[in-house]
Amino acid sequence: MTADDFRAWHEVMGYTYDTGAEALGMSRSAYANLVAGVRRDSGTPVVYDKRTALAMAALAVGLKEWALPS
């Protein structure tokens, strides 16, 4: 995944930095790094891990957090 992919998902989902960060369970600053594609503190490229990509896909199709059926 690339920064362009992440930004496209962010826009399609209609998230703000705050709502996107909450949806992915991360801090606003971590989310901002993903949107930018680089870490703001060091300028190094962000690595988009598989867990984040899978969470993005799940949210895009409307899945919620996993819970055992009652």
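Calculation notes
- Residues numbered from 1 in each chain as written.
- Predicted model: local features only at pLDDT ≥ 70, side-chain atom pairs only at ≥ 80, totals over all residues.
- Heavy atoms only, no water.
- Buried < 20%, exposed > 50% of the residue type's maximum accessible area, 1.4 Å probe, protein only.
- Helix = DSSP H or I, 4+ residues; strand = E, 2+ residues; numbered from the N terminus.
- Arc of directions from axis to C-beta.
- Contact = heavy atoms within 4.5 Å.
- Phe/Tyr/Trp six-rings, centres within 6.5 Å; stacked < 30°, edge-to-face > 60°.
- Core = buried A, V, L, I, M, F, W, Y, C linked by side-chain atoms within 4.5 Å.

Colleague: How would you sum up helix 2 (residues 17–24)? Please name residues and give values.
Modeller: All of the buried residues along helix 2 are Gly-20, Ala-21 and Leu-24. One side of helix 2 carries all its buried residues, which in axial view fall inside an arc of 100°. The inward-facing, buried residues of helix 2 contact helix 1 (3–13), helix 3 (28–36) and helix 4 (50–60). Looking one or two places after helix 2, you find Gly-25, whose phi comes out positive at around 70°.

Colleague: Hey, could you go over the packing of aromatic side chains for me, with residue numbers and the actual values?
Modeller: Per the counting criterion, the structure on display carries five aromatic pairs. When the centroid spacing of 5.3 Å and the interplanar angle of 65° are considered together, the rings of Phe-6 and Tyr-31 count as edge-to-face. One end of the pair, Phe-6, is in helix 1; the other, Tyr-31, is in helix 3, with 25 residues separating them in the sequence. The exposure class assigned to Phe-6 is buried, which follows from its relative accessible area of 0%. Classification of Tyr-31 by relative accessible area gives buried; the value is 0%. Ring centres of Tyr-17 and Tyr-31 lie 6.0 Å apart, and the angle between their planes is 65°; on these two criteria the pair is classed as edge-to-face. Of this pair, Tyr-17 sits in helix 2 while Tyr-31 sits in helix 3, and the two are 14 residues apart along the sequence.

Colleague: So what about the nonpolar core? Which residues, and what values?
Modeller: One finds Ala-3, Phe-6, Trp-9, Tyr-15, Ala-21, Leu-24, Tyr-31, Leu-34, Val-35, Val-46, Tyr-48 and Met-56 forming the largest nonpolar core, which totals 12 residues. Elements with a contribution of two residues or more to this core: helix 1, helix 2 and helix 3.

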